[in-house]
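Structure assessment
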Amino acid sequence: MMKNVIYIGENIGTPDTAMFIHCQNVARIFKDIGYNVLFVSIGEKGQDNPHIYGENKYYYSIRRHSKGISRKLEHITEEISGNQFYKVFLQVAEENHPDLILYYGYSIEKKLLKYAHIKGVPFLVERVDWFEQSDHNKFFYKYIVQRKVDYSYSCLDLQADGIIAISDYLEKYFTSKQMKVVRIPPVFDTNTEMITEYKAENPISIVYCGSAGNKKDYYMPVVDALLFLNREELRYTLQIIGIPSDKISSKYDMKVLQKYGIFVYGKIGNEQARKIIHESDFSVLFRDPKRYAKAGFSTKFAESMVLGVPVICNSVGGADTVITNGVNGIVIDSRDKERIINILSEILTYDENHINQIKNQALDFANSFFNYSGYVDKLRAFIADITSGMKSNG
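Everything in this summary refers to the structure shown in the same document. (Residues numbered from 1 in each chain as written. Predicted model: local features only at pLDDT ≥ 70, side-chain atom pairs only at ≥ 80, totals over all residues. Heavy atoms only, no water.)

Glancing now at unusual backbone geometry. At Asp16, a residue that is not glycine, the phi angle is positive and equals roughly 65°. With respect to the helices and strands, the residue Asp16 is situated in the loop between strand 1 (3–8) and helix 1 (18–32). Judged by relative accessible area, Asp16 falls into the partly exposed class, the value being 42%. Here the phi dihedral of His97 falls at roughly 45°; this positive angle occurs in a residue that is not glycine. Structurally, His97 can be placed in the loop between helix 3 (83–96) and strand 5 (100–103). Judged by its relative accessible area of 59%, His97 is exposed. (Helix = DSSP H or I, 4+ residues; strand = E, 2+ residues; numbered from the N terminus. Buried < 20%, exposed > 50% of the residue type's maximum accessible area, 1.4 Å probe, protein only.)

As structure tokens, then:
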């Protein structure tokens, strides 16, 4: 008989986002160890409730306001109290009697902990990033939300029965706190792709995939590097996904960018983005060497390798640690324009076979490390350890 896990998070039910995709793939692991997964998230006004996405059922706490100051006030109130969101969880829990709760969030952790401990249900927390106050500009996020996040990491998370950590950094942090931890990076159904082979007669194609509100990544140095390298002939192309053209046109002339082989797509669907990534030769990801870069693990970084596209990145002690430089990707020591120009100039000396070899090795690594099926036994053993410990203590 299938057991029920309630997978709950404020934003995990927003379709076609990295978070949505990540959580659906984690859910596949739970299904393979005998769990029926029920998602609880926050939805927009007009959202079907519940809603079926693929094989998964989503229950939503619906925002009553769709725009304006009322929406902002509602968001702030829920971010602080989580009362409406928690009510939806209670309704789903009452109907489905969960055997396990997995929380991806912060606003109602204290309430969920109390519920789980009273009911004797294992409570797991999934942690995928950890920002600092200096990473935020707005007062609310800097001084209210971030303090709540830090309190979770330092206190509430340590009362959970176990932690699912996305990165080596977070695994080590929670292990140092004597917590039971399992590391699960971004996972996919791999072994289904072949590389798109590079042909020497074509420019080398690079892709960057981000989002409009993403302040973590640096892609402008790549644009500047290509404007320099392509000044005499088109040696590279760059396709920028997820960044609105008006954000880039404030600094660059869009016609000039296209002349130099740089194309801006804005927000597009996940399948179209995957196609563009798959047809590229390299992707890029440049970040500051701060805690968020160490604690997180970019879904697009992992997905790029899954699609046979090696990543060019800078060393920050995060996702870059899975790359063996020059073997399954490229790691450089800085994200500044001159250093990027140097490494891209070096790649221009690689022959067709060399580039395709790196692409194949990226794919081979991804088929092992990012394959969701490789974490089935690991998660099964982790949950068995937690539940057996709860029985012996109970």
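Here the narrative resumes, following the displayed structure.
With that settled, consider the nonpolar core. Tyr7, Ile8, Phe30, Phe89, Phe123, Phe301 and Leu379 are the most contacted members of the largest nonpolar core, which totals 88 residues. Here this core takes 7 residues from helix 1, the largest share from any one element. Those residues in contact with Phe89 that lie beyond four places of it in its chain are Ile6, Ile8, Val40, Ile101, Leu112 and Tyr115. Formed by 32 residues, the second largest nonpolar core is a distinct cluster that contains Val223, Leu229, Phe282 and Phe286. (Core = buried A, V, L, I, M, F, W, Y, C linked by side-chain atoms within 4.5 Å. Contact = heavy atoms within 4.5 Å.)

Attention now goes to the sheet that holds strand 10 (residues 236–241). Strand order in the open sheet formed by 6 strands is 11-10-9-12-13-14, with parallel pairing between adjacent strands. What marks the edges here is a single partner per strand, and that holds for strand 11 (262–266) and strand 14 (330–332). Between one strand and the next, the sheet's axes are offset by a mean angle of 20°, whatever the strand orientation. As paired strands, strand 10 and strand 11 are joined by 4 bridges and run parallel to one another. Opposite Gln239, over in strand 11, you have Phe263 as the bridge partner. Sitting on the sheet, helix 13 (residues 337–347) is in contact with strand 9 (204–209), strand 10, strand 12 (282–285), strand 13 (311–314) and strand 14, with an inclination near 150° to strand 14. (Pairing = 2+ DSSP bridges. Axes fitted to C-alpha atoms, helices over the stretch in contact; angles between N-to-C directions.)

All chains considered together, the criterion is met by 24 aromatic pairs. Judged by centre distance (5.2 Å) and plane angle (20°), the rings of Tyr7 and Phe39 are stacked. You can see Tyr7 sitting in strand 1 and its partner Phe39 sitting in strand 2 (residues 35–43), a full 32 residues away along the chain. Between Tyr106 and Tyr153 the ring centres are 6.4 Å apart and the planes differ by 40°, which places this aromatic pair in the tilted class. Within this pair, whereas Tyr106 is found in the loop between strand 5 and helix 4 (109–119), its partner Tyr153 is found in helix 5 (residues 139–154), the two being separated by 47 residues in sequence. Per residue, the accessibility class of Tyr106 equals that of Tyr153, and both read buried. One aromatic cluster is present, built from ring pairs that chain together Tyr7, Phe20, Phe39, Tyr53, Tyr58 and Tyr60. Positioned over the ring face of Tyr372 is Arg28, at 4.5 Å from the centre of the ring. Here the guanidinium or amino end of Arg335 rests over the ring plane of Tyr218, the centre of that ring lying 3.6 Å away. (Phe/Tyr/Trp six-rings, centres within 6.5 Å; stacked < 30°, edge-to-face > 60°. Lys NZ or Arg CZ within 6 Å of the ring centre and 35° of its normal.)

On to helix 1, then. Between its first and last C-alpha, helix 1 extends 22 Å over 15 residues, near the 21 Å set by a 1.5 Å rise per residue. Of the residues making up helix 1, those classed as buried are Phe20, Ile21, His22, Cys23, Asn25, Val26, Ala27, Ile29 and Phe30. Within two residues after helix 1, Gly34 carries a phi angle of roughly 100°, on the positive side. (Expected span 1.5 Å × (residues − 1).)

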